[in-house]
Amino acid sequence: MRLSTYFLPTLKENPADAAMASHRLMVRAGLIRPLAAGIYSWLPVGWRVMKKVMQIIREEMDAIGAQEFQLPALNPVEIWQETGRVEAFGDTLFHIKNRPLVLAPTHEEIFTTIAKDNIKSYRDLPQIWYQIQTKFRNEPRPRSGVIRGRQFFMKDSYSFDRSFEELDKSYGLHREAYKKIYTRSGLKFFIVGASSGAMGGTGSQEFMVESPDGEDTCAVCDSCGYAANLEVASSRVKPVGRLEASNPVEEIHTPNIKTIDQLAEFLKISTERLAKSLVYKADDSAVLVLMSGNDQLNEAKLTAALGKNAKAMEPAELAAFTGANAGSIGPVGLKNFRIIADRRLEEANELISGANKDDFHVAHIDFSRDVKIDGYFDLRTIEAGEQCPNCGHALRIVNAIEIGHIFKLGTKYSVSLHANYLDEAGAEKPVVMGSYGIGVERIIACHIEQNHDESGIKWGVSIAPFDVHLASVNMDNEDVVAAAEKLFTELTEAGIEVLYDDRRGVSPGFKFKDADLLGMPVQVIVGERNLKQGNIELKIRRTGERKVVPGAQVLDEIRNLLRN
RNA sequence: CGGGGCGUGGCUCAGCCCGGUUAGAGCGCUUGGUUCGGGACCAAGAGGUCGUGGGUUCGAAUCCCACCGCCCCGACCA
């Protein structure tokens, strides 16, 4: 490709509204242009990268026997109503104004409908279907460039199996395929156990790229490899347990005590035996959540425990429900609440909690004697430095960007959409499903996050828009032009993708800066200086290393560099 | 949706607080010339409803109100 005629607008200055390096560089290097919040146009050089990533995904999906579809982005809203996901997605789902249609944010419903209509027998199973489609989500707050957009490409695949055992197999195939996809895309990534959310399902894992700008938080053990999204991460924390003394409950006056720390200070005891009360609302029912001391409630865990989303109750509502303000709520004598507690508090005694009237607490509470707990769940948010649940090593907590999610769905969609098959015995059974997603843009953004410097992008060969950036230093020098043209032809004929900077009237420094910004793996610099000796200069973008080689060896040398 | 910031040629920004010639700079763009190994130089040019609407005023980029857009933090993120 000749740069003189290629549409590749580069920017010298950073765009004002880009915070992350990948975002800045994608705009500066002419990959994308913003159109509206969370909506981007892909320019030719960016689209080349996108197509390469998609090709890697296709090859690895095809390799596990997956079959590519292309499904509509416009979906009848009825299908989404059947699975209850119009409500589940809420405002995130885009609705078409003048037809009862929605813009699909994902495609479980449509694939399942096709399965329902066409998969009748155990002989039709298993199947793995996928597509690479534009998804639409009305994100409340798009951010980080293409990492969270309102329109984005997702590779989504779905497995259909006869049993949960076979689902495990399909799930495993995806897990291995994903590892290959990310590895081939040149990413350093890790896999974490993840939340299945309120939608059910029997297990899921996320593929993560560590980044300070990541929206997810994960616990990582550097010793045994344990890694989990904070939504599900656990650690070895001591249960609060039982003390020998078991006094009857007693109301104590605690004037103007609002926080756990104040209470601990006032009573001269550790925070651990203070059962902190948090009041939530799930649908229209009230839930009291008890945590030990300053343990932080993890709302994702709460959602998993309740099986539905819960919201912290507003102070006014709280007072109406309980007659006391936050800070004075407690489980003893509390009516009309479902009461659940964190595992650390299981069967504990000698606890102190709110008395449901301001300025009073109740002491000597025994959870197995004085309170009816509807269940103990792991509800606390773990903290950095706590012990790994597997090996006891100190856990690290890192931010990460989610680049893929694999999910054992089970029968949720097949049951609600009646996707059944007849087994060998003639019994009708729901198909067992899995769903698996990859954010295509995120692969590109993360690749840049992991491969850039002050000057620009440092593409890995596998997804670089071009293999070689060929720059003719001076287009007014006939020998230089002739040598560059010859190289352009030779390299192209050798099947190497070349971006050839043949622009006239552009100074050498300008060309070099552009080459570094654009970041092709190998730069080939044809200039008078080296050409006098019949030499060509090669620069490896990743390392900055320069080699001056005889013209006759250039092709071999480049081939060699691209192989590594 | 809550909190904060911003909106001025294509890009990055100054001017606004304290209203008053013709609204500026750098980069980019056009033309001519000189350059030619790390974002060259000289000269001459083109290009702006100062986000939109309303208000205050003799007079508004500047003050006031509303709205729209964009970014950041939070909430949210099957």
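Sequence positions are assigned chain by chain, starting from 1 and proceeding in written order. Ligands are numbered from 1 and chains lettered from A, in the order in which they are written. Per-residue local features are limited, in this predicted model, to residues with pLDDT of at least 70; the limit for side-chain atom pairs, both in listing and counting, is 80 or more; totals at the level of whole chains, interfaces and linings are taken over all residues. Just so you know, side-chain values use all the structure's heavy atoms and leave hydrogens and water out.

1. A short note on helix H8 (residues 299-306)
- Buried within H8 we find Lys301, Leu302, Thr303, Ala305 and Leu306.
- Note on definitions: a residue-residue contact is assigned when non-hydrogen atoms from the two residues lie within 4.5 Å. Under the scheme used here, helices are H or I runs from DSSP no shorter than 4 residues and strands are E runs no shorter than 2 residues, and both carry numbers assigned from the N terminus. Its buried side turned inward, H8 meets strand S14 (275-282), strand S15 (285-292), strand S17 (337-342) and strand S20 (376-377).
- Throughout this description, a polar contact denotes any pair of N or O atoms lying within 3.5 Å of each other; where both atoms belong to protein, one of them has to be capable of donating a hydrogen while the other can accept it, and for residues adjacent in sequence the pair is counted only when both atoms sit in side chains. For H8, the side-chain oxygen to backbone nitrogen distance between the N-cap and alanine 300 is 2.9 Å, and the N-cap itself is asparagine 298.
- Of the residues one or two after H8, glycine 307 is the one with positive phi, at around 80°. Each residue's exposure class comes from its accessible area (1.4 Å probe, protein chains only) as a fraction of the maximum for that residue type: buried when under 20%, exposed when over 50%, partly exposed otherwise.

2. Details of the packing of helix H2 (residues 44-63) against helix H6 (residues 164-184)
- Two numbers describe how H2 lies on H6: the axes approach to 9 Å, and their chain directions differ by 150°. As summarised for this structure, H2 and H6 are arranged roughly antiparallel, according to the angle between their axes. Viewed along their axes, H2 and H6 form a crossing whose handedness is right-handed. Every residue of H6 that contacts H2 at Ile56, Ile57, Glu59, Glu60 and Met61 is listed here: His174, Ala177, Tyr178, Lys180, Ile181 and Arg184.
- Here the residues of the contact of H2 with H6 sort into 6 nonpolar, 1 polar and 4 charged. In this analysis an axis means a line fitted to C-alpha atoms, helices contributing only their contacting stretch, and an angle means the value between N-to-C directions, from 0 to 180 degrees. In this scheme, roughly parallel covers angles under 35 degrees and roughly antiparallel covers those over 145, while 65 to 115 is roughly perpendicular and the rest are oblique. In a left-handed crossing the near helix is turned counterclockwise from the far helix by less than a right angle, and in a right-handed crossing that turn is clockwise. When residues are sorted by character, Ala, Val, Leu, Ile, Met, Phe, Trp, Tyr, Cys and Pro go into the nonpolar class, Asp, Glu, Lys and Arg into the charged class, and all the rest, Gly among them, into the polar class.

3. A word on the protein's contact with RNA strand B
- What surrounds RNA strand B is a group of 40 residues, the closest being Arg141, Arg148, Asp476, Phe510 and Asp516.
- Here a residue is near a molecule or strand as soon as one of its heavy atoms is found within 4 Å of it. Counted by atom, the contact set of RNA strand B within 4 Å of the protein is 48% sugar and phosphate.
- For RNA strand B, a base nitrogen lies 3.3 Å from a polar atom in the side chain of aspartate 514.
- Measuring from a base oxygen of RNA strand B, one finds a side-chain N or O atom of arginine 546 at 2.3 Å.
- Listing elements by their share of the surface near RNA strand B, those giving two or more residues are helix H4 (85-89), helix H13 (508-518), helix H14 (528-531) and strand S28 (535-540).

4. Let's talk about the packing of aromatic side chains
- Two rings belonging to Phe, Tyr or Trp (six-membered ring only in the last case) form a pair when the distance between their centres is within 6.5 Å. Interplanar angles under 30 degrees mark stacking, angles over 60 mark edge-to-face geometry, and anything in between is tilted. Inspection of the entire model under this criterion finds 15 aromatic pairs.
- Ring plane angle 85° and centroid distance 5.9 Å describe the contact between tyrosine 6 and phenylalanine 466, whose orientation is recorded as edge-to-face. Remark: phenylalanine 466 occurs in the loop between helix H11 (440-450) and strand S25 (468-472) and tyrosine 6 occurs in the segment before helix H1 (21-28); sequence separation between them is 460 residues. Like phenylalanine 466, tyrosine 6 is buried.
- A centroid spacing of 4.8 Å and a plane angle of 55° characterise the contact between tryptophan 129 and phenylalanine 160, whose relative ring orientation is tilted. Of this pair, tryptophan 129 sits in strand S7 (residues 127-136) while phenylalanine 160 sits in strand S8 (residues 151-161), placing them 31 residues apart in sequence. Considered together, tryptophan 129 and phenylalanine 160 belong to a single accessibility category, that of buried residues.
- Each member of the aromatic cluster is reached from another via a ring pair, and the members are Phe69, Phe111, Trp129, Tyr158 and Phe160.

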